[in-house]
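Descriptive analysis of the structure
Listed here are the chains, written in short residue letters.
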Amino acid sequence: MKALILVGGFGTRLRPLTLSVPKPIVEFANKAMILHQIEALCKIGVNEVVLAVNYRPQLMSAYLEPYAEKLGIKISYSHETTPLGTAGPLALARDLLNDGQPFFVLNSDIICDFPFGDLLAFHKAHGKEGTIMVTKVEEPSKYGVVVYKEDDGAIQKFVEKPQQYVGNKINAGIYIFNPSILDRIEPRPTSIEKEIFPKMAEEGDLYCMPLDGFWMDVGQPKDFLSGMGLYLNSLKQKAPERLATGPGIIGPVLVDETATIKPGCLIGPNVTIGPNCVIEEGARLVNTTVLEGATVGKNSWIKSTIIGWESTIGKWVRMENTSVLGKDVHIADELYINGGKILPHKSITSSIPEPEIIM
């Protein structure tokens with residue numbers, strides 16, 4: 001079986017992290033976003049993953065090559081020279097996908113439990129052209145809502161940002177299709193959600209399956225941190241042995257075995273600490289991701305923050321309100337950073353009292 005992952009564009013929503021690496025290989029819970037997906041696909045028998053990519057494909061390829069070998073999977077690349085939306089990449093990769101078998105398609109910036117096996121079984125059972133996963137949201141008026149028959153999952157229509165309640169399920173960005181869908185799509189910029197799905201639903205050829213458990217599009221910093229919390233709490237239920245325990249840990253907390261946490265720290269809840277990081281004495285971290293090689297100084301207080309690779313935080317620093325440091329950013333002692341987005345390779349010597357982008 002094959003799968004197409006829509007790796008897409010420049011990752012502008014997740015800057016400044018994506019100024020250093022493409023979004024799919026930014027580490028989410030100490031593993032590249034896209035590896036969460038590829039590993040889950042491998043488990044149910046997918047043996048080739050096609051990445052629809054138009055930004056830094058060589059970097060992606062170099063990063064993923066050892067993982068492909070380790071997982072025993074082929075990773076192919078379908079290179080868009082111009083952005084083709086969410087449907088055009090399927091047409092571009094037609095020759096790679098059209099082997100007579102159903103194939104998966106997914107967006108690269110979503111995180112969930114990826115129940116691909118259940119989705120495949122449901123798709124085969126109803127026998128139609130396509131199946132999409134849907135997920136429940138609290139405020140459906142902010143999204144495009146999927147209206148479907150509860151008894152069999154047949155999709156009736158899509159309603160964009162409904163002002164009156166029509167349902168609370170939205171497209172989760174995970175699909176499985178028969179190859180016949182490729183005949184519907186031309187290799188031009190096309191939206192699968194707006195141009196292809198409504199026609200399929202009209203013809204009775206599109207079904208949906210509700211997704212159990214957590215789901216988050218982690219393509220921007222606030223949602224990245226929210227998704228991390230959901231993921232860690234899921235691990236707490238399903239694989240608690242992977243989480244850190246001990247003095248000063250308020251779970252769930254995920255710590256790479258090569259990281260160093262000095263005495264007197266208070267870490268968690270919802271914290272991920274990457275490889276070769278150092279958390280100095282007395283630091284307090286909550287709802288925060290610390291990426292590889294970063295250091296947090298003594299007695300610093302860090303909340304709702306993403307600390308980029310090889311960055312350093314001084315002593316007695318306070319950071320909060322979805323602050324994001326790019327790669328190799330250095331924060332001097334005793335500063336306050338409130339919602340700062342700081343581009344790579346900067347040294348910050350004065351506080352950022354209001355949210356702003358530091359170029």
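No experiment lies behind these values; they were computed from the predicted model shown.

Basis of the calculations
Residues numbered from 1 in each chain as written. Predicted model: local features only at pLDDT ≥ 70, side-chain atom pairs only at ≥ 80, totals over all residues. Heavy atoms only, no water. Helix = DSSP H or I, 4+ residues; strand = E, 2+ residues; numbered from the N terminus. Rg over C-alpha atoms; globule rule 2.2 N^0.38 Å. Buried < 20%, exposed > 50% of the residue type's maximum accessible area, 1.4 Å probe, protein only. Contact = heavy atoms within 4.5 Å. Domains from an automatic or database assignment. Buried area = accessible area lost by both parts, 1.4 Å probe. Salt bridge = Lys/Arg side-chain N within 4 Å of Asp/Glu carboxyl O. Axes fitted to C-alpha atoms, helices over the stretch in contact; angles between N-to-C directions. Parallel < 35°, antiparallel > 145°, perpendicular 65-115°, else oblique. Left-handed = near helix turned anticlockwise from the far one by under 90°. Nonpolar A, V, L, I, M, F, W, Y, C, P; charged D, E, K, R; others polar. Phe/Tyr/Trp six-rings, centres within 6.5 Å; stacked < 30°, edge-to-face > 60°. Pairing = 2+ DSSP bridges.

Scanning the protein chain from terminus to terminus reveals seven helices and 29 strands. Against the 2.2 N^0.38 benchmark of 21 Å for 359 residues, the protein chain shows a C-alpha radius of gyration of 21 Å, consistent with a compact globule. Referenced to the eigenvectors of the C-alpha coordinate spread, the extents of the protein chain come out at roughly 65 × 45 × 40 Å. Classification of the 359 residues of the protein chain by burial places 54% in the buried group. At a minimum sequence separation of 6, the contacts of the protein chain that also span at least 24 residues come to 50%.

We now examine the domain arrangement of the protein chain. In many analyses, interface size is given as the accessible surface area lost on bringing the parts together. As far as domains go, the protein chain holds domain 1 (2–217) and domain 2 (221–357). Computed from C-alpha atoms alone, the centre-to-centre distance between domain 1 and domain 2 is 30 Å. With 21 residues of domain 1 at the contact, the number on the domain 2 side is 29 residues. Summing the contributions of domain 1 and of domain 2, the shared interface buries around 1900 Å²; its carbon and sulfur component is 72%. When residues of domain 1 are sorted by the area they lose upon contact with domain 2, Pro16, Leu17 and Asn30 head the list and together hold 28% of the total. One can count one salt bridge joining domain 1 with domain 2.

Here the focus is the packing of helix 1 (residues 33–43) against helix 2 (residues 57–71). In contact at an axis separation of 12 Å, helix 1 and helix 2 are set at 30 degrees when each is read in the N-to-C sense. As summarised for this structure, helix 1 and helix 2 are arranged roughly parallel, according to the angle between their axes. Relative to helix 2, helix 1 is oriented so that their crossing is right-handed. Of helix 2, the residues touching helix 1 (which contributes Ile34, Leu35, Ile38, Glu39 and Cys42) are Met60, Tyr63, Leu64, Tyr67 and Leu71. The class makeup of the residues in the contact of helix 1 with helix 2 is nine nonpolar, no polar and one charged.

Glancing now at the packing of aromatic side chains. Two aromatic rings are characterised by how far apart their centres lie and by the angle between their planes. What the rule picks out here adds up to eleven aromatic pairs. Relative to Phe224, the ring of Phe28 lies with its centre 5.3 Å away and its plane at 80 degrees, an arrangement referred to as edge-to-face. Of the two residues, Phe28 sits in strand 2 (residues 27–28) while Phe224 sits in helix 7 (residues 221–238), which places them 196 residues apart along the sequence. Both residues of the pair, Phe28 and Phe224, belong to the buried class. An aromatic cluster is defined as three or more aromatic residues linked by ring pairs; in this entry it consists of Phe103, Phe158, Tyr175, Phe177 and Phe197.

Next up on the list: the pattern of salt bridges. Enumeration according to the criterion identifies eleven salt bridges in this entry. The partner of Arg184 in a salt bridge is Glu129, with the nearest N and O atoms 2.5 Å apart. One end of the pair, Arg184, is in the loop between strand 11 (169–177) and helix 6 (192–202); the other, Glu129, is in the loop between helix 5 (116–126) and strand 8 (130–136), with 55 residues separating them in the sequence. Several salt bridges share partner residues, and in doing so they unite Glu129, Arg184, Lys199, Glu203 and Asp205 into one network.

As a further point, take the sheet that holds strand 15 (residues 260–261). With parallel pairing, the six strands of this open sheet are ordered in space as 15-18-20-22-25-28. Among the strands making up the open sheet, the edge pair consists of strand 15 and strand 28 (347–348). Looking at chain direction, strand 15 and strand 18 (residues 278–279) are connected through two bridges and run parallel. Across the sheet, Ile261 pairs through a bridge with Ile279, a residue of strand 18.

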